[in-house]
Amino acid sequence: MHLDEPALAHLRAAIDDSVGDGPPLPSPAHRLAAGRAAVRRRRRAGTAASAAAVALVLGGAVVLGPSGGGPETAQPMSPPSASPAEGAIDETQLRRSLAELAAEARARADQMAQALVSNSFPAAFDQRGELVVKDGWQVVRRVEEPVGYEPPEASLGVVVTDGERTRWMLLTVERAVDPQGNPIPGQFSSGSSAEDPGKGYSRFEDWLASAVELSGGAQPDALVSVGADDQVVAGPGSTLVDVQEIEVVEGYTSPGDRVAEVVREGRTWFVVIRGHGSRAETVPVDADVLPEATVAAVLAYLAQQTESGEGVR
């Protein structure tokens, strides 16, 4: 069927009338609010997906099953476990090792300490001021601080023996000094004097008093003194028995030297007087170390000690 142009126009008008105007269009404000809501929904969906991915990476709580299934087929991830023997500390072995190290340290310290002593000087102070005694020797008598030092300096008088031989000793720890005699801060030096009993004194306390004097300590009361007029006078507690000029002992006395006989506390002493006037030197000799208490025995003793190189003091 062919429709002419007027018929077609009539048909289009009829169709428009049957459809009508349709639902009204949303206002511009309504369309803008709807668009913003859609954007927010998309952002929330992206954030949730990211959070899930982070939880999977950081938590490590689940892994996909063998078939690549979802969480319902996943298995918990367990941390790797080590064998009980790996990295374990054997406390018994540790204690044994520490004990062995301590024993080795003590042995080295003892070895170093023993290097400080000998049969001639069987006792000594170490650098820490502690007493070291040679192996096989023992201290049978000690006199604390005979010199009168104050810490950290110290002195000690000891009698030591190995059962066969006995030594009298004076040990000291003093501040070290430079060649000019100035103290060296923080530095100390140890020293010792030693003698066999009976060489010049029959009693340890008399020898110790003499050793303290020679080391620069207090001087004991002199048995005799010599004045500027060259007169010999008895010292405190002494009784002067006799003074006589003696023969020259080669290498020890000079012409005009004398010997004084003195008694103190019931014991006899001889005092060798070398020189004259206030500069005279007095050297005591304990009569108990002589075969007899005579001037002749004193001269023989002086000659013997001089010849041996040991001296009298």
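Residues numbered from 1 in each chain as written. Predicted model: local features only at pLDDT ≥ 70, side-chain atom pairs only at ≥ 80, totals over all residues. Heavy atoms only, no water.

Take the pattern of salt bridges next. Should the charged atoms of two oppositely charged side chains come close, the side chains can pair. Enumeration over the complete set of coordinates arrives at 13 salt bridges. For the salt bridge of E144 with R142, the shortest nitrogen-to-oxygen distance reads 2.8 Å. Accessibility expressed as a relative area gives 53% for E144, which makes it exposed. Look at R142 and you get partly exposed, because its relative accessible area is 44%. Put simply, D230 and R258 hold a salt bridge, and the shortest N to O gap is 2.9 Å. Pair noted here: D230 is in the loop between β9 (224–226) and β10 (232–234) and R258 is in strand β12 (residues 258–264), with a separation of 28 residues, a long-range link. Three or more residues are tied together by salt bridges with common partners; here these are R141, R203, E205, D206, R267, D286 and D288. (Salt bridge = Lys/Arg side-chain N within 4 Å of Asp/Glu carboxyl O. Buried < 20%, exposed > 50% of the residue type's maximum accessible area, 1.4 Å probe, protein only. Helix = DSSP H or I, 4+ residues; strand = E, 2+ residues; numbered from the N terminus.)

The next thing to look at is the sheet that holds strand β14 (residues 281–286). The 4 strands are arranged β11-β12-β13-β14 in an open sheet whose pairing can be described as antiparallel. Both edges of this open sheet fall to β11 (238–245) and β14, since each of them pairs with a single strand only. The sheet shows a mean angle of 25° between the axes of neighbouring strands, direction not considered. Bridge analysis of β11 against β12 gives 7 bridges, and the strand direction is antiparallel. If you follow T239 over to β12, its bridge partner there is V263. Sitting on the sheet, helix α5 (residues 295–308) is in contact with β11, β12, β13 (267–274) and β14, with an inclination near 60° to β13. (Pairing = 2+ DSSP bridges. Axes fitted to C-alpha atoms, helices over the stretch in contact; angles between N-to-C directions. Contact = heavy atoms within 4.5 Å.)

Quick look at the environment of T253 now. Mapping T253 onto the fold places it in the loop between β11 and β12. A relative accessible area of 7% means that T253 is categorised as buried. On a C-alpha basis, the gap between T253 and A303 in space is 9.8 Å, while along the polypeptide they are 50 residues apart.

Tallying each qualifying case throughout the model produces 4 aromatic pairs. Ring geometry for W168 against F204: centres 5.8 Å apart, planes inclined by 65°, an arrangement best described as edge-to-face. Remark: F204 occurs in helix α4 (residues 204–214) and W168 occurs in strand β7 (residues 166–177); sequence separation between them is 36 residues. Across the pair, F204 and W168 agree in class, each one buried. Note that R274 overlies the ring of Y252, its terminal NZ or CZ placed 4.1 Å from the centroid. (Phe/Tyr/Trp six-rings, centres within 6.5 Å; stacked < 30°, edge-to-face > 60°. Lys NZ or Arg CZ within 6 Å of the ring centre and 35° of its normal.)

Inspection of the secondary structure puts R267 in strand β13. Within the structure, R267 has its side chain in polar contact with the side chain of D286 (distance 2.8 Å). If we ignore the near neighbours within four places in the chain, the residues touching R267 are S202, R203, D206, V262, D286 and D288. (Polar contact = N/O pair within 3.5 Å; in protein donor to acceptor, adjacent residues only side chain to side chain.)

What follows concerns the sheet that holds strand β6 (residues 154–161). On the basis of which strands lie adjacent, the open sheet formed by 4 strands has the order β5-β6-β7-β8 and antiparallel pairing. Only two strands of the sheet have a single neighbouring strand rather than two, namely β5 (138–144) and β8 (183–195). With strand direction ignored, the average angle separating the axes of adjacent strands in the sheet is 20°. Bridge analysis of β7 against β8 gives 9 bridges, and the strand direction is antiparallel. In the sheet register, E174 faces β8, and the bridge partner there is S189.

For the protein chain, the mean per-residue pLDDT works out to 79, and 71% of the residues sit at or above 70. pLDDT under 50 marks residues 47–74. Its contacts with residues more than four places away, or in other chains, come to 16 contacts. (pLDDT = per-residue confidence, 0-100.)

The next point concerns unusual backbone geometry. Geometrically, the link from P151 to P152 is a cis peptide bond, its omega value of 10° lying close to zero. At E145, a residue that is not glycine, the phi angle is positive and equals roughly 45°. Considering the arrangement of structural elements, one finds E145 in the loop between β5 and β6. You will see that D230, though not glycine, has its phi angle at about 70°, which is positive.

Once that is clear, we can look at the environment of S278. Structurally, S278 can be placed in the loop between β13 and β14. C-alpha separation for the pair S278 and D229, spaced 49 residues apart in sequence, amounts to 7.9 Å. Ignoring any residue separated from it by four or fewer positions in sequence, one finds S278 in contact with V226, G227 and A228.

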